[in-house]
Amino acid sequence: EPEVTQTPSHQVTQMGQEVILRCVPISNHLYFYWYRQILGQKVEFLVSFYNNEISEKSEIFDDQFSVERPDGSNFTLKIRSTKLEDSAMYFCARGILRDLGEQYFGPGTRLTVT
Amino acid sequence: GQQVMQIPQYQHVQEGEDFTTYCNSSTTLSNIQWYKQRPGGHPVFLIQLVKSGEVKKQKRLTFQFGEAKKNSSLHITATQTTDVGTYFCAGFRDYKLSFGAGTTVTVRA
């Protein structure tokens, strides 16, 4: 049973293009996270989002990235001008409590930048 | 920044054997979590350890959290083919999860 769903499952884009990845929670959760995983590498934290605001972000999450919850339901990650090195799996996760941190991941979006 | 190291990177196990994967953090953690990722899949939460010296078991899996809350281990007994995948530890500190590089487990029948 998925905790969150993500669309699209695979996105191919050209370098320099903008992409929007979407995460749809199954139920009304407060804490959301975005991670990326370059092929064969570890999962890397990008950003956490609580109560419609960014809570924490990593060094990876630079000005090229943004997150929002435009309609109170969908949770999006935007990459403004994609680079080849942005090619990765992007996972959305939802959390239960901010202080405990256990997280439940969606199936991911595979982003390929050509 | 926080670093979480995990060894070994690969573990090739004969079915029925035991193995252990180890995780070390450069800083003290609020808690440590373990995830399993099957090939082509997403990380799946296994367990969370919060207290110093905590030990938890899930069937054939035993998880430990070190006294200093900087290291952890996962021990699997009597490995089965269903144990195939990558096991990640993830240290939680300052409301962020830092993942280790993972131990990728393959099983010889």
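Here's a quick rundown of the structure. For clarity, every value in this text was computed on a predicted model and none was experimentally measured. (Residues numbered from 1 in each chain as written. Chains lettered and ligands numbered in written order. Predicted model: local features only at pLDDT ≥ 70, side-chain atom pairs only at ≥ 80, totals over all residues. Heavy atoms only, no water.)

Residues and elements named next belong to chain A. Examined against the element boundaries, Gln6 turns out to sit in strand 1 (residues 4-7). The spatial distance from the C-alpha of Gln6 to the C-alpha of Gly108 is 6.0 Å, given a sequence separation of 102 residues. Residues contacting Gln6, with those up to four places away along its chain left out, are Arg22, Cys23, Trp34, Tyr90, Phe91, Cys92, Gly106, Pro107, Gly108 and Thr109. Separated by 3.0 Å, the side chain of Gln6 and the backbone nitrogen of Cys92 make a polar contact. From its side chain, Gln6 meets the backbone nitrogen of Gly108 in a polar contact 2.9 Å long. (Helix = DSSP H or I, 4+ residues; strand = E, 2+ residues; numbered from the N terminus. Contact = heavy atoms within 4.5 Å. Polar contact = N/O pair within 3.5 Å; in protein donor to acceptor, adjacent residues only side chain to side chain.)

One frequently used descriptor of interface size is the decrease in accessible area upon assembly of the parts. Every contact between the two is made by 19 residues of chain A and, on the other side, 18 residues of chain B. Both sides of the chain A and chain B interface together cover about 1600 Å² of buried area, and 58% of this is carbon and sulfur. Where chain A meets chain B, there are zero salt bridges. Elements with a minimum of two residues in the side of chain A that touches chain B: strand 4 (31-37), strand 6 (53-57) and strand 10 (103-105) of chain A. (Buried area = accessible area lost by both parts, 1.4 Å probe. Salt bridge = Lys/Arg side-chain N within 4 Å of Asp/Glu carboxyl O.)

It is worth spelling out the state of the cysteines at this point. Applying the stated criterion across every chain yields a total of two disulfides over all chains. Covalent S-S linkage joins Cys23 of chain A and Cys92 of chain A, the inter-sulfur distance amounting to 1.9 Å. An S-S torsion of about -60° defines the bridge between Cys23 of chain A and Cys92 of chain A as left-handed. Of this pair, Cys23 of chain A sits in strand 3 (residues 19-25) while Cys92 of chain A sits in strand 9 (residues 88-95), and the two are 69 residues apart along the sequence. The two residues Cys23 of chain A and Cys92 of chain A agree in class, both being buried. The partner cysteine of Cys23 of chain B in its disulfide is Cys89 of chain B, sulfur to sulfur 1.9 Å. The disulfide joining Cys23 of chain B to Cys89 of chain B has a torsion of about 75° about its S-S bond and is therefore right-handed. With a gap of 66 residues between them, Cys23 of chain B in strand 3 (residues 19-25) and Cys89 of chain B in strand 9 (residues 85-93) connect regions that are remote in the sequence. Residue Cys23 of chain B is classed as buried on the basis of its relative accessible area of 2%. Judged by its relative accessible area of 0%, Cys89 of chain B is buried. (Disulfide = S-S within 2.5 Å. Buried < 20%, exposed > 50% of the residue type's maximum accessible area, 1.4 Å probe, protein only.)

Look at the link from Thr7 of chain A to Pro8 of chain A: it is a cis peptide, with omega at -10°. Residue position: Pro8 of chain A is located in the loop between strand 1 and strand 2 (10-13). At the junction of Ile7 of chain B and Pro8 of chain B, the peptide bond is cis and its omega measures out at -5° in the coordinates. Along the polypeptide, Pro8 of chain B turns up in the loop between strand 1 (4-7) and strand 2 (10-14). With a phi angle near 55°, Lys59 of chain B is a residue other than glycine that sits in the positive phi range. As for its placement among the helices and strands, Lys59 of chain B is situated in the loop between strand 6 (55-58) and strand 7 (61-65). Positive phi values are uncommon outside glycine, yet Asp94 of chain B reaches one of about 55°. Assignment of secondary structure puts Asp94 of chain B in the loop between strand 9 and strand 10 (96-99).

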